[in-house]
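Notes for the structure review
Residues per chain are reported as follows:
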Amino acid sequence: TLGPNTNDPRDLLGPDVIICAGEDQAELVEGLAELGLASESFHYRCYQWWRTGDLTVIWTGIGTGCLEPLLFEILRSATVRRLCLVGSAGTIREPSYPPGTACWIESAYSLGMSIDRWVGESAQYP
């Protein structure tokens, strides 16, 4: 497996990954079914995985307790080429875009996370 947190079989991790964090699991499954992707899945703890071709879709809960172990395990595998994180993740000020609007993030800052001491206060870039 990738590790003890996700217990995911390595063959479910493809080079292209979409992580849906904190959104309604049933709505994601419904959307995947409409695309023909939700026929089989792997489920362990707060993680559910689907794979088709190079694409892996992962659902998890919201927060660093879900995301950090997941990211640690999938990124150390050196399999992931492209990663897209989908979810509201909350907001601390009036949003620049209406909720539900996709936007490109050019940089991000670590705030209140376990990686703060390694990345510092400067912007991080993809």
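That block above? That's the structure.
Residues numbered from 1 in each chain as written. Predicted model: local features only at pLDDT ≥ 70, side-chain atom pairs only at ≥ 80, totals over all residues. Heavy atoms only, no water.

**Focus: the sheet that holds strand E3 (residues 47-52)**
Strand order across the open sheet formed by 5 strands is E2-E3-E4-E1-E5, with mixed pairing between neighbours. Two strands close off the open sheet at either side, each with one partner strand: strand E2 (42-44) and strand E5 (82-86). For this sheet the average axis-to-axis angle between neighbouring strands, irrespective of direction, equals 15 degrees. As paired strands, strand E1 (residues 16-21) and E5 are joined by 5 bridges and run parallel to one another. Looking at E5, one finds that Ile-19 is bridged to Leu-85. (Pairing = 2+ DSSP bridges. Helix = DSSP H or I, 4+ residues; strand = E, 2+ residues; numbered from the N terminus. Axes fitted to C-alpha atoms, helices over the stretch in contact; angles between N-to-C directions.)

**Concerning unusual backbone geometry**
Of note in this structure, Asn-7 is not a glycine but carries a positive phi near 55 degrees. Considering the arrangement of structural elements, one finds Asn-7 in the segment before E1. A positive phi is found at Ala-78, a non-glycine position, where the angle reads about 60 degrees. Along the chain, Ala-78 falls in the loop between helix H2 (64-75) and E5.

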